[in-house]
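In case you want the letters, here they are:
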Amino acid sequence: MSKPMKSYLDFEKPIAELDARVEELRTTASGSELDIEAEIAKLAAKSEAMLATTYGKLTPWQKTQVARHPLRPHFVDYVAMAFTDFVPLGGDRLYGEDAAILGGFARLDGKRVMLIGHEKGHDTASRIKHNFGMAKPEGYRKAIRLMELASKFGLPVVTLVDTAGAFPGIEAEERGQAEAIARSTEACLALKVPMVAAIVGEGGSGGAIAIAAANKVLMLEHSVYSVISPEGASSILWRTPEKAADAATAMKVTAQDLLDLKVIDGVVSEPLGGAHRNPEQTAANLAKAIGSELAKLAKLDSAALLRQREDRFLAIGSL
Amino acid sequence: MSWLSKVRNSLSSLNKRDTPDNLWIKCPSCGEMLFAQEFEANLSVCPRCEHHGRITAKTRFEQLLDAGFNVLPTPEVPENPLNFRDTKKYTDRLKAARASNPYPDALTNAFGTIEGAKAVLGVQDFKFMGGSMGMAVGEAFVAGVEKAIAEKCGYIICTAAGGARMQEGILSLMQMPKTTVATRRLAAAGLPYIVVLTDPTTGGVTASYAMLGDVQIAEPGALIGFAGQRVIQDTIREKLPDGFQRAEYLHDHGMVDMVVHRKDLKATLAQLLGYLERKEAK
């Protein structure tokens, strides 16, 4: 598998140009004078400063693009970098195996958890295999099965949310997509064990909440979470596909906005320039944040856990 | 211009004042011209093709509850916390919806009896911003369930909604787990939860409380689904099967217990409540 070393978003063009210039100088620099080295260092510093400025004031729409970045780390990357000893578990025992939602036993800091999350895939073949992270009913029913298993054996549940939404297709409707999502949400709320959800990329509507009705909900700094995609909101409310940026702003989709609205409990910082520029650092930050939430929740008994989760959601929209 | 209005306009003795627009209505399914009063007397079901028309919350209460029911107050919720505006301000859309509807939001509860059996009935009104689920709907649902628990009776919801209320952003999405907390509490109290899916029920409403009933009823022909048909068509680029996402299709696929004609709905609910009566532990 060959990954491009870097992939720039539209708004990163000035940074891309600087980086290209640095690369160019580097290739010509070999064997020539010292002042080229100085020039390279100057340009690299300028690029980094520009990256910091750009990422310090990303608009909600730009964040949406970062959250969907093709090189952004996904579930399988976090399994490799933030967890150990992963034992994948498959199938819903009812219809099939849906690779859009993966799950299994894993250890975080040596402690056992049930890890569940969307996987989008990283190249054409794997994106097709994982259906771009858009789960069908069997994916949610697998999640239910794994949550119930976790509850039975006292394993805390950790979910990593990263989906544009549940799959909109004939077979998904036929097999009860709505019911599967509703039951999965219900299964989260019924857990007798701690549950922490982290939105690591896109938190797309019902397809996301189905595995995110948790005791504590975290979001990576440049992830987004919304009831409908900005493009969808644009075409329905503005009746044009062109207002996605406005819709992203109006809907308040960013981690920072959602923390203010008390919909999430914490924001996990990403390395400069987004998770994809340093996946290892992102995974370490994520593992630390999830671990710390789990440690706090470990002090609650199952009745208190249930109650805290219920109260958390009942409070949203109450005066 | 239909033949009817042509004839009507040619008659000098009939001016506009004598023939209000709503005297006749056209069946949206078969196109038959129906005398409005007769259509309403037939529970807003087309006598020719049995199309079940959309009805208001108020009409639904009258059709399903025995005389003497009480409409419960709609709980107040924070209004427009996102300060949302698309082509219009959300607050203006709410004002407009309230001006043309008797209740302050899309879900209203009433407490009463159905053929003598106590019940709280919640009804979503598609006329109020497409029945969409925002905080007011979530909070009303919870209030309806709480009333049912207090009265030790069942909660029945007639759903109708395009989905979540986008103008409330993520807060509307959060009503999915919130309402599910309520259905769980109703179940914990050992009380029945019956869902009547009416036309249309889609999106986040279907993917939460609308699919969690102890018994699932659908009205004939009702559009019920998760994803919108246009979205599905854009994704798969093939023709959708006949009757896709209609009540009968859901019944065929095992997603609802029964499809019940509106004329039989009240009796069916009464019968079900009889079976789901709470038995005290011995």
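This one's a predicted model, so the numbers in the text were calculated from it and none came from an experiment.

Cut-offs applied
Residues numbered from 1 in each chain as written. Chains lettered and ligands numbered in written order. Predicted model: local features only at pLDDT ≥ 70, side-chain atom pairs only at ≥ 80, totals over all residues. Heavy atoms only, no water. Helix = DSSP H or I, 4+ residues; strand = E, 2+ residues; numbered from the N terminus. Buried < 20%, exposed > 50% of the residue type's maximum accessible area, 1.4 Å probe, protein only. Contact = heavy atoms within 4.5 Å. Areas by Shrake-Rupley, 256 points an atom, 1.4 Å probe, with all protein chains shown as cover. Lys, Arg positive; Asp, Glu negative; His and termini not counted. Charge placed at Lys NZ, Arg CZ, Asp CG, Glu CD. Axes fitted to C-alpha atoms, helices over the stretch in contact; angles between N-to-C directions. Parallel < 35°, antiparallel > 145°, perpendicular 65-115°, else oblique. Nonpolar A, V, L, I, M, F, W, Y, C, P; charged D, E, K, R; others polar. Buried area = accessible area lost by both parts, 1.4 Å probe. Salt bridge = Lys/Arg side-chain N within 4 Å of Asp/Glu carboxyl O. Polar contact = N/O pair within 3.5 Å; in protein donor to acceptor, adjacent residues only side chain to side chain. Phe/Tyr/Trp six-rings, centres within 6.5 Å; stacked < 30°, edge-to-face > 60°. Pairing = 2+ DSSP bridges.

Broken down by element type, chain A carries 14 helices and eight strands. Taken over the C-alpha atoms alone, chain A extends approximately 70 × 50 × 45 Å along its principal axes. Residues counted as buried form 57% of the 319 residues belonging to chain A. Considering only intrachain contacts with a sequence separation of at least 6, the fraction spanning at least 24 residues in chain A is 72%. Surface exposure of chain A reaches about 13,300 Å², of which carbon and sulfur atoms provide 56%. Computed over 38 positive and 41 negative side-chain charges, the separation of the two mean positions in chain A equals 5 Å.

Before going further, it helps to spend a moment on the packing of helix α8 (residues 177-190) of chain A against helix α14 (residues 302-314) of chain A. All names here are of chain A. Look at α8 against α14: their axes get within 8 Å of each other, and the N-to-C directions meet at 130°. Looking at the two axes, α8 sits oblique to α14. Residues C188, L189 and A190 of α8 form the contact with α14, whose own contacting residues are L306, R309 and F313. Looking at the contact of α8 with α14 residue by residue, the classes come out as five nonpolar, no polar and one charged.

Here we come to the environment of L314 of chain A. Topologically, L314 of chain A is positioned in helix α14. Taking the relative accessible area as the measure of exposure, L314 of chain A reaches 14% and is therefore buried. Considering only alpha carbons, one finds L314 of chain A and L89 of chain A, 225 residues apart in sequence, at a separation of 32 Å. Discounting residues that sit within four places of it in the chain, L314 of chain A has contacts with E139, V142, K178, V181 and R185 of chain B.

Quick look at the interface of chain B and chain A now. On the chain A side, the residues contacting the 49 residues of chain B number 47 residues. Note on chain B versus chain A: buried area summed over both sides is about 4,200 Å², and carbon and sulfur give 74% of it. It is M166, R184 and F226 of chain B that lose the most area in chain B upon contact with chain A, and together they represent 16% of the buried surface on that side. Here chain B is connected to chain A by two salt bridges. The tally of links from chain B across to chain A stands at 11 residue pairs in polar contact (both at pLDDT 80 or more). Mapped onto the side of chain B that touches chain A, the elements with two or more residues apiece are α5 (135-151), α6 (169-173), α7 (175-188) and α8 (229-236) of chain B. In terms of residues, the side of chain B that touches chain A owes the most to one element, α7 of chain B, which gives eight residues. Per-class residue counts for the side of chain B that touches chain A are 28 nonpolar, 13 polar and eight charged.

With that out of the way, let us pick up the environment of A82 of chain A. All names here are of chain A. Its place among the elements puts A82 in helix α4 (residues 75-82). For A82, a relative accessible area of 11% gives the class buried. Separated by 138 residues in the primary sequence, A82 and L220 place their C-alpha atoms 14 Å from one another.

Residue and element names in this part refer to chain B. Relative to the elements of secondary structure, L197 occurs in strand β7 (residues 193-201). Spatially, the C-alpha atoms of L197 and A222 are 7.3 Å apart, while their sequence positions differ by 25 residues. Residues contacting L197, with those up to four places away along its chain left out, are T159, A210, M211, Q216, I217, A218, E219, A222, I224 and V256.

A ring pair, where both rings are aromatic, is described by two values, the distance of the centres and the angle of the planes. Summed over all chains, the structure comprises 11 aromatic pairs over all chains. A ring pair is formed by F11 of chain A and Y55 of chain A, whose centres lie 6.2 Å apart and whose planes are at 50°; its orientation type is tilted. A residue pair is termed long-range when its members are at least 10 positions apart, and F11 of chain A in the segment before α1 (13-29) and Y55 of chain A in helix α2 (residues 35-56) qualify at 44 residues. Note on F11 of chain A: relative accessible area 15%, which makes it buried. The exposure class of Y55 of chain A is buried, given its relative accessible area of 6%. A ring pair is formed by F141 of chain B and Y193 of chain B, whose centres lie 6.0 Å apart and whose planes are at 90°; its orientation type is edge-to-face. In this pair, F141 of chain B is assigned in helix α5 and Y193 of chain B in strand β7, connecting sequence segments 52 residues apart. Y193 of chain B matches F141 of chain B in its accessibility class, with the two residues each being buried.

It is possible for side chains of opposite charge to pair when their charged atoms get near one another. The final tally for this structure, using the stated rule, is 36 salt bridges over all chains. A salt bridge links E186 of chain A to R183 of chain A; the shortest N-O distance between them is 2.8 Å. With E186 of chain A and R183 of chain A both in helix α8 and three residues apart, the pair spans about one turn of that helix. Given a relative accessible area of 18%, E186 of chain A falls into the buried group. Under the relative-accessibility criterion, R183 of chain A is labelled partly exposed at 26%. Across the pair R246 of chain B and D199 of chain B runs a salt bridge whose closest N-O atoms are separated by 3.8 Å.

Between D199 of chain B and the following residue, P200 of chain B, the backbone shows a cis peptide bond with an omega angle of -15°. As for its placement among the helices and strands, P200 of chain B is situated in strand β7. In this structure, K262 of chain A takes a positive phi of about 60° despite not being glycine. Summarising the element assignment, K262 of chain A is placed in the loop between α12 (255-260) and β8 (266-268). Classification of K262 of chain A as exposed rests on a relative accessible area of 66%. With a phi close to 55°, N83 of chain B is a non-glycine residue in the positive phi region. Within the fold, N83 of chain B resides in the loop between β3 (70-71) and α4 (90-99). On the basis of relative accessibility, which here comes to 63%, the residue N83 of chain B falls in the exposed class.

Glancing now at the sheet that holds strand β8 (residues 215-218) of chain B. Residues and elements named next belong to chain B. The strand order β3-β4-β5-β6-β7-β8-β9 describes an open sheet built from seven strands, whose pairing is mixed. Pairing within the sheet leaves two strands with one partner each, and these edge strands are β3 and β9 (258-259). Bridge count for strand β5 (residues 117-124) against strand β6 (residues 154-161) is five bridges, and the pairing is parallel. For V123, the partnering residue across the bridge sits in β6 and is C158.

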